[in-house]
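Read off the chains here:
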Amino acid sequence: MHARKIAESAEAAWHGAYGTGRLDLPVSIIATLAALPRNDSQGNDVTDSMIECDTADFMAFARHTWTSVIRSRPEITHLVYPIISWIFDGTEASVYQHAHAVAQAALRAGQPDLTGTDRRFDTDLLGNVLTILRPKSALQARGQFYTPASIAELLARMSDVEEHRIVEDPMMGTGGMFRAVAEVMREQGRDPRTVRWVGCDIDPIAVACAAVNSMIWGLGHDIVFHAGNALTPDWEAGALAQRDELRRLATDIERDKRMIALLM
């Protein structure tokens, strides 16, 4: 219920301020706020200080957050790009104001109390946001039907996933099945970070949400996600190769930076 309240608050703020069906901005705002803890290092509630931020300060926070994510997880750059590109591409200032309105609404709805605590493991906030933002008719037209959390949990318990296995969902949406499996594993004293999570979905925004969710839910770094048709031959091999190539490029860039620094 808390996740739905946050999603509904974000939807009302976005459509009230901007009034379009664009999904990447409001989804990315909720994903950005998921980086916040409930309390800062001094024990103060971060919600109070974040609500006081003006638009420029909030956008600086968003850029810093995603720059840090990409530096630490370069292999997911292409996955999250559909929801974060606007933060860096010089979008007009008025759009920043609308995005800030969404952040204010989500903060007032208590998002840090959910995503900034262990409660983040219990729900798919981004899935709720995407479902509410996208009209039911559009979901049906795209063939998107999200599995209820109760059903996902039942299937997860039946699967009995052990550590160091592969969990695959060729129609993963925002990753709700992965969340359920990880939850059951933790209950059984198993570490979901040891699993390889392999997922595909036709909707690139849903895949971006799944990539962010993999961090929110503590699924580890061994994720192999693909935005495309699961019926495409060898999509998994292609996704794995792309992930490993991005990791290699990031390593090469860091090595070159160190070499150049030594010459200066």
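Quick note: structure is the one above.
Residues numbered from 1 in each chain as written. Predicted model: local features only at pLDDT ≥ 70, side-chain atom pairs only at ≥ 80, totals over all residues. Heavy atoms only, no water.

Trainee: Can you break down the overall build of the chain residue by residue, with the values?
Mentor: Of regular secondary structure, the chain possesses 13 helices and three strands. On the principal axes, the C-alpha backbone points of the chain span a range of 55 × 45 × 40 Å. Considering the chain as a whole, with its 264 residues, one finds that 45% of them fall into the buried category. When contacts within the chain are restricted to residue pairs at least 6 apart in sequence, those whose partners lie at least 24 apart make up 78%. Carbon and sulfur atoms provide 54% of the accessible area of the chain, an area that totals close to 13000 Å². (Helix = DSSP H or I, 4+ residues; strand = E, 2+ residues; numbered from the N terminus. Buried < 20%, exposed > 50% of the residue type's maximum accessible area, 1.4 Å probe, protein only. Contact = heavy atoms within 4.5 Å. Areas by Shrake-Rupley, 256 points an atom, 1.4 Å probe, with all protein chains shown as cover.)

Trainee: Can you break down a negative patch on the surface residue by residue, with the values?
Mentor: Together, D40, D45, D48 and E52 line one region of the surface with negative charge. Relative accessible area serves as the criterion here: at 32%, D45 is assigned to the partly exposed category. (Patch = residues over 30% accessible without salt bridge, like charges linked within 9 Å, V, L, I, M, F, W, Y side chains within 5 Å. Salt bridge = Lys/Arg side-chain N within 4 Å of Asp/Glu carboxyl O. Lys, Arg positive; Asp, Glu negative; His and termini not counted. Charge placed at Lys NZ, Arg CZ, Asp CG, Glu CD.)

Trainee: An account of the layout of surface pockets is needed here, citing residue identities and associated values.
Mentor: In this model, the second largest pocket occupies a volume close to 240 Å³. Every residue lining the second largest pocket is listed: I70, R71, P74, T77, L246, L249, A250, T251, I253, E254 and K257. Those elements that provide at least two residues to the lining of the second largest pocket are α4 (55-72) and α13 (235-263). The element contributing the most residues to the lining of the second largest pocket is α13, with seven residues. The residue inventory of the lining of the second largest pocket, partitioned by class, reads six nonpolar, two polar and three charged. (1 Å grid on protein atoms, 1.4 Å probe; cavity = no way out; pocket = protein on both sides within 12 Å on 5 of 7 lines; lining within 4 Å. Points joined across faces, edges and corners; volume = space filled by probe spheres on them. Nonpolar A, V, L, I, M, F, W, Y, C, P; charged D, E, K, R; others polar.)

Trainee: An account of the nonpolar core is needed here, citing residue identities and associated values.
Mentor: W197 and F225 are the most contacted members of the largest nonpolar core, which has 72 residues in total. Take this core: its biggest share by element is nine residues, from helix α12 (residues 204-216). Discounting chain neighbours no more than four positions away, the residues touching F225 are L79, M172, F178, W197, V198, G199, V207, A210, A211 and A239. Among the nonpolar cores identified, the runner-up in size contains five residues, and C200, V224, W235 and A239 belong to it. (Core = buried A, V, L, I, M, F, W, Y, C linked by side-chain atoms within 4.5 Å.)

Trainee: Outline helix α2 (residues 24-33), listing residues and values.
Mentor: Extensive coverage of α2 is indicated by the burial of ten of its ten residues. Along α2, the residues classified as buried are D24, L25, P26, V27, S28, I29, I30, A31, T32 and L33.

Trainee: Could you give me a rundown of the pattern of salt bridges, with the residues and numbers involved?
Mentor: Evaluation of the coordinates by the stated rule reveals 20 salt bridges. Of the charged contacts in the structure, one is a salt bridge between D222 and R196, with a shortest N-O distance of 3.0 Å. With D222 in the loop between α12 and β3 (223-227) and R196 in strand β2 (residues 196-201), this pair connects stretches of sequence that are 26 residues apart. Under the relative-accessibility criterion, D222 is labelled partly exposed at 23%.

Trainee: I'd like to hear about the sheet that holds β2, residue by residue, with values.
Mentor: Ordered in space as β1-β2-β3, the three strands form an open sheet in which the pairing is parallel. What marks the edges here is a single partner per strand, and that holds for β1 (166-169) and β3. When strand polarity is set aside, the average angle formed by the axes of neighbouring strands in this sheet is 5°. Alignment of β2 against β3, held across five bridges, turns out to be parallel. Residue pairing across strands places V198 opposite V224, the latter belonging to β3. Of the strands in this sheet, β1, β2 and β3 are in contact with α13, which crosses β3 at around 115°. (Pairing = 2+ DSSP bridges. Axes fitted to C-alpha atoms, helices over the stretch in contact; angles between N-to-C directions.)

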